[in-house]
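Here is what each chain is made of, one letter per residue.
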Amino acid sequence: MTACNSVVATSRLANAFNEGVLDSTADPAYDRGKRATDTVMWRMRDELGSGYFGQGAKDAQVVKWLAALDKHAAAFIRDAVATSVADVTPTDDSCADDSGTPQKQVSASQQKIQRFLEREVPDVAPPTAALCTLGDPSQPNVAAIEQLSDYVRFSVALSQAGGDAAALVDEGFAPIDEATAGASAAFEHTADYLVNRNWRRQWDHHVAGLVVKGGAATGMFSAGVVWVALNILRECTRAHLCDPATTGFSMASGTSTGATIVAASDIFDTALRAGDDTAREKAISDYLHWYSCSSMNDLYCVRNHPAFNLARGAGGKPDEVQDSMLDFDGLASKIEDNYHCSEMGNGMELILNTVDFRTGRLYSLSDQDPATLLAPWDVAKAVVSSAALPFIVRPTYHLPVDPMKGAGNFAYLDGGIRSELPLLALVRRGVERLLVVSSGASVTGDEGAIPNALGMATRYIDISTGGVTESEIDHAKSRAVASRLAEYELCTAMLRHDRSCKNGSTAPRLCVGKCDPEALCAGDFAHACDRDTKRKTMRDDEWVVDQTFRMTSVWRNEDRVAGLPGYSFKPTEQRRLILAGAEAARSQCAHIASTLGIDVGTGPKQVPLDTLYAWCTPNLPSVNDQCTPEELAHLDKPASDCSNDDGPQPRASTHSEVQCARRSR
């Protein structure tokens, strides 16, 4: 016993820590130059891939702008990093607005981008036609307003992307040549991505998005919340009060169990938009079936080997080295059986968040992005990777975003390590109305006295993931506010400059007639050409942001609704959490409907309040009514041992590895 104690003495562990046993080392297979190029590309892509009117077609305006910029990537990077913000010359005030009203100024970095575009890429330009007619009532020039809105949003995104690239160059992470290559790749790949988007900004309704947090088995709470939201869509469509072509979520982002929920929601979306009432009824029944009739042995199997295999080095025999305890083979099969190219081509963009443990990079994989997910099997692997807790579940070894080929296995795992509540993926894509669903509280939970070091390590994980959630909420809100205000300030500055510089000339002015620059620039397009001449005060920032960003959140009250440990999927407890989620959704019924663009009232195209609340109170069928006898017999059984150690594999009969058709440029 004394000998054993000396082997594992804490002094040895302390020495190992001081010798760097917990430190990561650079991947020798990942060339430093390629790493820098890839990082610049992904950082810029995150900024440029916002939501536009001009997307979803190879001849879309923003796609053309990106193609033009690709030819000037070197000039873009030089301009972004060679001149500091402090050196930017102030905007020429020879045409300054003489109204006497205090105006916010466009940032110096944004001015620099506008000058770059005018000098190097004149094809990226605002409209020249008037935004409103001179008649009474004044009518909006839809094409001109959409082009102006896209130009403003694209310019702000370009400024943010340039700032990200410049920061990487300034810190010495990316040399100029690698940054240029990264910028070129970002322009090219973002253009391909926007061509394949199946949604776009709309004139008459907001872009709605859904975000679902993880939570392992406790995620059944979130499944209940989303069930109510989907039922609202089904009932509203059945009542002919919602247009299935435009109703619903344009995008959905999930992590861990949330990834399975948004994938199931995407499958429902196909029936919502392309099916009839019967298809929608079946789709919502299938959604419930997923979460009511799946047990532990349906979702995963146990890699039952000696525990020492989990700690053996890579030099051991292949059958004696083990990187996890479970395989999500059943979950992969469920996705494979139900998710097809029809889902990749529907009107909802599915975004699955996962972390590659080799590069440390967080990926927000989109089923409408040909660079990230190509086939239904890629989606199945991405869902599994997002839901896989490190050490517990086998990593996904390969995805289309692998930074290198032939460099061994990668390790895509739980997206919650870096994005427990993946709001930012949707904020960056231009979401305007957002439903956030969480299986936990918005703040990190507390814990009793911690007795030992192992308990401290466990608590460290809780605090780390909880802290991620808190910071993500703040970051996403701040990012949305900053982006919307930057767009508003650039747009109003452009219209002020246009009015002042063209005053007294024969050149056509953009904002004429009853054009309301504040409404137009804030995204209140219904009133863009209906200016109230009696109003003298400027709208405040809160009003500006509210036009194109609003968030509704549903959280689990941890004091009232107990969660479940780990992957303990048990039918009675699953039903309890689904019902608790549905009840939480009912308390937010009107807000959820508003997020979905459903108008409540007594008008011909409005939903009466009592009808809406009936839609928010669907009946959850019993397990006996939902599940087959074979499924009922398995519900209470624990997970079985894996039949082999190959991990999830596609079945030839499903053709799930066949790439779906994509639009090309």
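Residues numbered from 1 in each chain as written. Predicted model: local features only at pLDDT ≥ 70, side-chain atom pairs only at ≥ 80, totals over all residues. Heavy atoms only, no water.

A. Looking closely at the overall build of the protein. Counting its regular elements, the protein contains 24 helices and nine strands. In terms of C-alpha radius of gyration, the protein reaches 27 Å, essentially the compact-globule figure of 26 Å for 665 residues. For the C-alpha atoms alone, the extent of the protein along its principal axes is close to 95 × 60 × 50 Å. The buried share of the protein, taken over its 665 residues, is 50%. Across the protein, every contact between residues at least 6 apart in sequence was considered, and the portion connecting residues at least 24 apart equals 79%. Counting only carbon and sulfur atoms, one obtains 53% of the accessible surface of the protein, whose full area is about 29,900 Å². Of note, the protein has its 64 positive side-chain charges centred 2 Å away from the centre of its 87 negative side-chain charges. (Helix = DSSP H or I, 4+ residues; strand = E, 2+ residues; numbered from the N terminus. Rg over C-alpha atoms; globule rule 2.2 N^0.38 Å. Buried < 20%, exposed > 50% of the residue type's maximum accessible area, 1.4 Å probe, protein only. Contact = heavy atoms within 4.5 Å. Areas by Shrake-Rupley, 256 points an atom, 1.4 Å probe, with all protein chains shown as cover. Lys, Arg positive; Asp, Glu negative; His and termini not counted. Charge placed at Lys NZ, Arg CZ, Asp CG, Glu CD.)

B. Looking closely at the packing of aromatic side chains. One pass over the structure, following the stated rule, counts 15 aromatic pairs. Each ring, one from Trp65 and one from Phe154, has its centre 5.6 Å from the other, and the planes form 45°; the classification is tilted. Of this pair, Trp65 sits in helix α4 (residues 61–70) while Phe154 sits in helix α7 (residues 142–170); the two residues are 89 residues apart in sequence, bridging distant segments of the chain. Taken as a pair, Trp65 and Phe154 share a single burial class, namely buried. What links up through ring pairs into an aromatic cluster is the set Trp42, Tyr363, Phe410 and Tyr412. The cationic tip of Arg358 hangs over the ring face of Phe410; the distance from NZ or CZ to the ring centre is 4.5 Å. The positively charged end of Arg539 is found above the aromatic ring belonging to Trp543, 4.5 Å away from the centroid. (Phe/Tyr/Trp six-rings, centres within 6.5 Å; stacked < 30°, edge-to-face > 60°. Lys NZ or Arg CZ within 6 Å of the ring centre and 35° of its normal.)

C. Structural view of the state of the cysteines. As enumerated under the stated definition, the model contains eight disulfides in all. Linked covalently through their sulfurs, Cys236 and Cys242 form a disulfide whose S-S length is 1.9 Å. Here Cys236 and Cys242 share a disulfide; its torsion about the S-S bond, 75°, makes the bridge right-handed. Accessibility classification places Cys236 together with Cys242 in one group, the buried group. In this model, Cys341 is linked to Cys660 through a disulfide, with the two sulfur atoms separated by 2.0 Å. Across the S-S bond linking Cys341 and Cys660, the dihedral sits near -90°, which makes this disulfide left-handed. Residue Cys341 is found in helix α14 (residues 341–344), and its partner Cys660 is found in the segment after α24 (629–634); the two are separated by 319 residues along the sequence. A relative accessible area of 9% places Cys660 in the buried class. (Disulfide = S-S within 2.5 Å.)

D. Representation of a nonpolar patch on the surface in the model. Judged by side-chain polarity, Phe17, Val21 and Leu22 come together as a nonpolar surface patch covering roughly 350 Å² of accessible area. One can find Val21 in the loop between α2 (10–18) and α3 (32–48). A relative accessible area of 56% means that Val21 is categorised as exposed. (Patch = residues over 30% accessible without salt bridge, like charges linked within 9 Å, V, L, I, M, F, W, Y side chains within 5 Å. Salt bridge = Lys/Arg side-chain N within 4 Å of Asp/Glu carboxyl O.)

E. Up close: the packing of helix α10 (residues 257–274) against helix α11 (residues 277–292). α11 packs onto α10 with a crossing angle of 165° between their chain directions and a minimal axis gap of 8 Å. The angle between the axes of α10 and α11 places the two elements in the roughly antiparallel class. Helix-helix and strand crossings are classified by hand; for α10 and α11 the assignment is right-handed. Residues Thr260, Ile261, Ala264, Ser265, Ile267, Phe268, Ala271 and Leu272 of α10 form the contact with α11, whose participating residues are Ala279, Arg280, Ala283, Ile284, Tyr287, Trp290 and Tyr291. Residues of the contact of α10 with α11, tallied by class, amount to 12 nonpolar, two polar and one charged. (Axes fitted to C-alpha atoms, helices over the stretch in contact; angles between N-to-C directions. Parallel < 35°, antiparallel > 145°, perpendicular 65-115°, else oblique. Left-handed = near helix turned anticlockwise from the far one by under 90°. Nonpolar A, V, L, I, M, F, W, Y, C, P; charged D, E, K, R; others polar.)

F. Quick peek at the side chain of Glu472. Mapped onto the elements, Glu472 comes out in helix α17 (residues 453–501). For the buried Glu472, no salt bridge is present, and the opposite-charge side chain at shortest range is Lys213, 8.2 Å distant. Separated by 2.7 Å, the side chain of Glu472 and the backbone nitrogen of Leu421 make a polar contact. (Polar contact = N/O pair within 3.5 Å; in protein donor to acceptor, adjacent residues only side chain to side chain.)

G. Highlighting helix α6 (residues 108–120). Helix length check: α6 (13 residues) gives 18 Å between terminal C-alpha atoms against 18 Å at 1.5 Å per residue, within 8%. Along α6, the positions that sit buried rather than exposed are Gln110, Gln111, Lys112, Ile113, Gln114, Phe116 and Leu117. (Expected span 1.5 Å × (residues − 1).)

H. Broad picture of the side chain of Ser50. Residue position: Ser50 is located in the loop between α3 and α4. We classify Ser50 as buried; its relative accessible area is 7%. Once residues within four sequence positions are removed from consideration, Ser50 is found in contact with Gln55, Arg153, Leu194, Arg197, Arg428, Arg429 and Gly430.

I. Main features of the confidence of the model for the protein. Per-chain confidence: the protein averages 89 in pLDDT, with 92% of residues scoring 70 or above. Of all helices and strands in the protein, the one with the weakest mean pLDDT is helix α1 (residues 2–7) (54), whereas strand β2 (residues 251–254) scores best (98). Here residues 84–90 is modelled with pLDDT under 50, and outside its nearest four sequence neighbours on either side it reaches nine contacts, counting other chains as well. A low-confidence stretch, residues 97–102 (pLDDT under 50), is modelled with six contacts involving residues beyond four sequence positions or located in other chains. (pLDDT = per-residue confidence, 0-100.)

J. Looking closely at the environment of Ala283. Summarising the element assignment, Ala283 is placed in helix α11. Judged by its relative accessible area of 12%, Ala283 falls in the buried class. Residues Ala283 and Trp42 lie 241 residues apart in sequence; the distance between their C-alpha atoms is 35 Å. In this structure Ala283 touches Phe268 and Ala271, once residues within four positions along its chain are discounted.

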